[in-house]
There are 2 protein chains.
Amino acid sequence: MTAAFAPVPVPLAKAYRLLNHGPVTLVSTAHEGRSNVMAASWAMPLDFDPPKVVVVVDKSTLTRQLMEASGEFALSLPARQLAAEVVKAGSLSGKEGDKWIATGLDNFPAEKIAAPLVAGCVGWLECRIIEEPRNQQQYDLFIGEVVAAWADPRVFHDGHWVFDHADERLRTLHYVAGGNFLVTGEAIHVDDAA
Amino acid sequence: MTAAFAPVPVPLAKAYRLLNHGPVTLVSTAHEGRSNVMAASWAMPLDFDPPKVVVVVDKSTLTRQLMEASGEFALSLPARQLAAEVVKAGSLSGKEGDKWIATGLDNFPAEKIAAPLVAGCVGWLECRIIEEPRNQQQYDLFIGEVVAAWADPRVFHDGHWVFDHADERLRTLHYVAGGNFLVTGEAIHVDDAA
């Protein structure tokens, strides 16, 4: 694994850029000394400023319990170097033992919330839940306001992902199913004044 | 542009696979003889079976008017060959003139809904809105049940995207901002029994 690199803050108005391209996420949570991490593909921005996100988290999960108990969660955006750990985070249950140990994922403290952030990732969104009981009960859908955001400056700077000249292991991932991912690929630009 | 290719049906239980990797979408709509198309990055699966999706559509748009009037929308997944048209679909307004003409995008009839599907795309989801007035008003968030799904068999078969040996112009796109996209990249597999 690439050595850890210090995350730099992303201005909140640019936080949606971290998630805009639809990467897989790791949802981390903590409450009263218990902490967990799970994989979630169904996460996306909901608003620009103040930034909000939505994420789908099933009722059966420990993550769900800790989210509801704490009112918080973090989304970490794993890079290719963590693909094997992401699959474990998506298939094991935190109810059956410490998921950090089971996945081999490491973490570090967030700034604004109790949930930790996942080490080796390239973007991080600290979120406080905006309670919407019907969405949560009916659709397993949670809305979070992003209260802090961070990125690995090797692949995100000036409000943009810049993967093209970086270490290939730092590219974000898009989940398909059954252990299959599509890696974030080539950057292209189209003149939007066209 | 690559010549049109006949879409093949995707079983509804596999429809989420089209959208799971977080590609940019084109939202198309129709009502009483009026039709429109716009770009939306904020779309994702919400449930497997019956499949549901969520999409964020701003109140100011013609697409929003036609969605609310018809109760339907389609999500088409544009390939790289349509990147310039996607940017136009995201920056022009259907209120100022026929967006199909303005973008140069062509369309063809859906099977279950009145909204047309966008030609030159590689995946299509026909959706009926599940009315959730609070989400729509408060968050511009719409929930749709997927009632039919289609894919271009050159890049999606047996329930999976298979881009690696296909024409590069058929890869899906992930939107960043300001005319910048990240193309869907390399496929990788991790053994999930690990």
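All values reported here derive from a predicted model rather than from experimental measurement.

## Things to note about the overall build of chain A
Inference 1: Looking only at helices and strands, chain A features 5 helices and 14 strands.
Inference 2: In summary, chain A has a C-alpha radius of gyration of 16 Å against a globular reference of 16 Å for 194 residues, a match within 12%.
Inference 3: Across the 194 residues of chain A, 60% fall into the buried class.
Inference 4: Within chain A, contacts between residues separated by at least 24 positions form 65% of all contacts whose residues are at least 6 apart in sequence.
Inference 5: Summed over its atoms, the accessible surface of chain A is roughly 7400 Å², and 52% of this surface lies on carbon and sulfur atoms.
Inference 6: When the 16 basic and 24 acidic side-chain charges of chain A are each reduced to a single mean position, those positions are 4 Å apart.

## Section: the environment of Val27 of chain A
Residues and elements named next belong to chain A.
Inference 1: Residue position: Val27 is located in strand E2 (residues 25-31).
Inference 2: With a relative accessible area of 0%, Val27 lands in the buried category.
Inference 3: Counting along the chain gives 87 residues from Val27 to Ala114, while the straight-line C-alpha distance between them is 13 Å.
Inference 4: The residues contacting Val27, other than those within four sequence positions of it, are Asn36, Val37, Met38, Ala40, Val55, Thr63, Met67, Phe73, Ala74 and Leu75.

## Thoughts on the relation of the copies chain A and chain B
Inference 1: Rotating chain A by 180° and translating it 0.0 Å along the rotation axis places it on chain B, where the RMSD comes to 0.0 Å. The operation mapping one copy onto its partner corresponds to a two-fold rotation axis.
Inference 2: Mapped onto chain B, 100% of the interface residues of chain A again fall at the interface, so both copies present the same surface.

## A closer look at the side chain of Arg171 of chain B
Residue and element names in this part refer to chain B.
Inference 1: Mapped onto the elements of the fold, Arg171 is located in the loop between strand E12 (160-161) and strand E13 (173-177).
Inference 2: Within the local environment of Arg171, its side chain forms a polar contact with the side chain of Glu168, the two groups lying 3.2 Å apart.
Inference 3: A polar contact of 3.1 Å, which involves the side chain of Arg171, links it to the backbone oxygen of Gly185.
Inference 4: Residues contacting Arg171, with those up to four places away along its chain left out, are Pro78, Ala79, Arg80, Phe163, Asp164, Val183, Thr184, Gly185 and Glu186.

## Observations regarding the environment of Glu72 of chain A
All names here are of chain A.
Inference 1: Tracing the chain through its elements places Glu72 in strand E6 (residues 72-78).
Inference 2: In this structure the C-alpha to C-alpha distance between Glu72 and Pro109, which are 37 residues apart in sequence, comes to 14 Å.
Inference 3: Among the polar contacts made by the side chain of Glu72, one reaches the main-chain amide nitrogen of Ala114 at a distance of 2.9 Å.

## Some remarks on the packing of aromatic side chains
Inference 1: Counted under the stated rule, the structure contains 14 aromatic pairs over all chains.
Inference 2: Ring geometry for Phe108 of chain B versus Trp124 of chain B: centroids 5.6 Å apart, planes at 75°, classification edge-to-face. Of this pair, Phe108 of chain B sits in strand E7 (residues 107-108) while Trp124 of chain B sits in strand E9 (residues 121-130), and the two are 16 residues apart along the sequence.
Inference 3: Through a chain of ring-to-ring contacts, three or more aromatic side chains come together here, namely Tyr16 and Phe48 of chain A together with Trp42 of chain B.

## Description of unusual backbone geometry
Residue and element names in this part refer to chain A.
Inference 1: The omega angle of the peptide bond from Asp49 to Pro50 is 0°, so this bond is cis rather than trans.
Inference 2: Of note in the backbone geometry, Asp158 takes a positive phi value of approximately 50° without being a glycine.
Inference 3: For Asp158, the location among the structural elements is in the loop between strand E11 (156-157) and strand E12 (160-161).

## Some points on the interface of chain A and chain B
Inference 1: Residue-level contacts link 52 residues of chain A with 52 residues of chain B.
Inference 2: When the buried area of chain A at its contact with chain B is split by residue, Trp42, Tyr139 and Ile188 of chain A rank highest and sum to 17% of it.
Inference 3: One can count 4 salt bridges joining chain A with chain B.
Inference 4: With a shortest N-O distance of 2.7 Å, Arg134 of chain A and Glu132 of chain B are connected by a salt bridge.
Inference 5: For the pair chain A and chain B, the number of links is 27 residue pairs in polar contact (both at pLDDT 80 or more).
Inference 6: The element that contributes the greatest number of residues to the side of chain A that touches chain B is strand E14 (residues 180-189) of chain A, accounting for 10 residues.
Inference 7: Here the side of chain A that touches chain B is composed, by residue class, of 29 nonpolar, 14 polar and 9 charged.
Inference 8: Pairing of E14 of chain A with strand E14 (residues 180-189) of chain B, which is carried by 7 bridges, proceeds in the antiparallel orientation. Across the sheet, Leu182 of chain A pairs through a bridge with Ala187 of chain B, a residue of E14 of chain B.

## Concerning the state of the cysteines
Residues and elements named next belong to chain A.
Inference 1: According to the stated counting rule, one finds 0 disulfides over all chains in the structure shown.
Inference 2: Left without a disulfide partner, Cys127 is nearest to the cysteine sulfur of Cys121, which lies 14 Å away.
Inference 3: For Cys127, a relative accessible area of 0% puts it in the buried group.

## Considerations on the sheet that holds E14 of chain A
Inference 1: Ordered by their spatial adjacency, 4 strands build an open sheet running E13(A)-E14(A)-E14(B)-E13(B), and the pairing between neighbours is antiparallel. Either end of the sheet is taken by a strand with one partner, and the two such strands are strand E13 (173-177) of chain A together with E13 of chain B. Strand-to-strand, the axes of this sheet are offset by a mean angle of 35°, without reference to chain direction.

Definitions and cut-offs
Residues numbered from 1 in each chain as written. Chains lettered and ligands numbered in written order. Predicted model: local features only at pLDDT ≥ 70, side-chain atom pairs only at ≥ 80, totals over all residues. Heavy atoms only, no water. Helix = DSSP H or I, 4+ residues; strand = E, 2+ residues; numbered from the N terminus. Rg over C-alpha atoms; globule rule 2.2 N^0.38 Å. Buried < 20%, exposed > 50% of the residue type's maximum accessible area, 1.4 Å probe, protein only. Contact = heavy atoms within 4.5 Å. Areas by Shrake-Rupley, 256 points an atom, 1.4 Å probe, with all protein chains shown as cover. Lys, Arg positive; Asp, Glu negative; His and termini not counted. Charge placed at Lys NZ, Arg CZ, Asp CG, Glu CD. Least-squares fit on C-alpha atoms with pLDDT ≥ 70 in both. Polar contact = N/O pair within 3.5 Å; in protein donor to acceptor, adjacent residues only side chain to side chain. Phe/Tyr/Trp six-rings, centres within 6.5 Å; stacked < 30°, edge-to-face > 60°. Buried area = accessible area lost by both parts, 1.4 Å probe. Salt bridge = Lys/Arg side-chain N within 4 Å of Asp/Glu carboxyl O. Nonpolar A, V, L, I, M, F, W, Y, C, P; charged D, E, K, R; others polar. Pairing = 2+ DSSP bridges. Disulfide = S-S within 2.5 Å. Axes fitted to C-alpha atoms, helices over the stretch in contact; angles between N-to-C directions.

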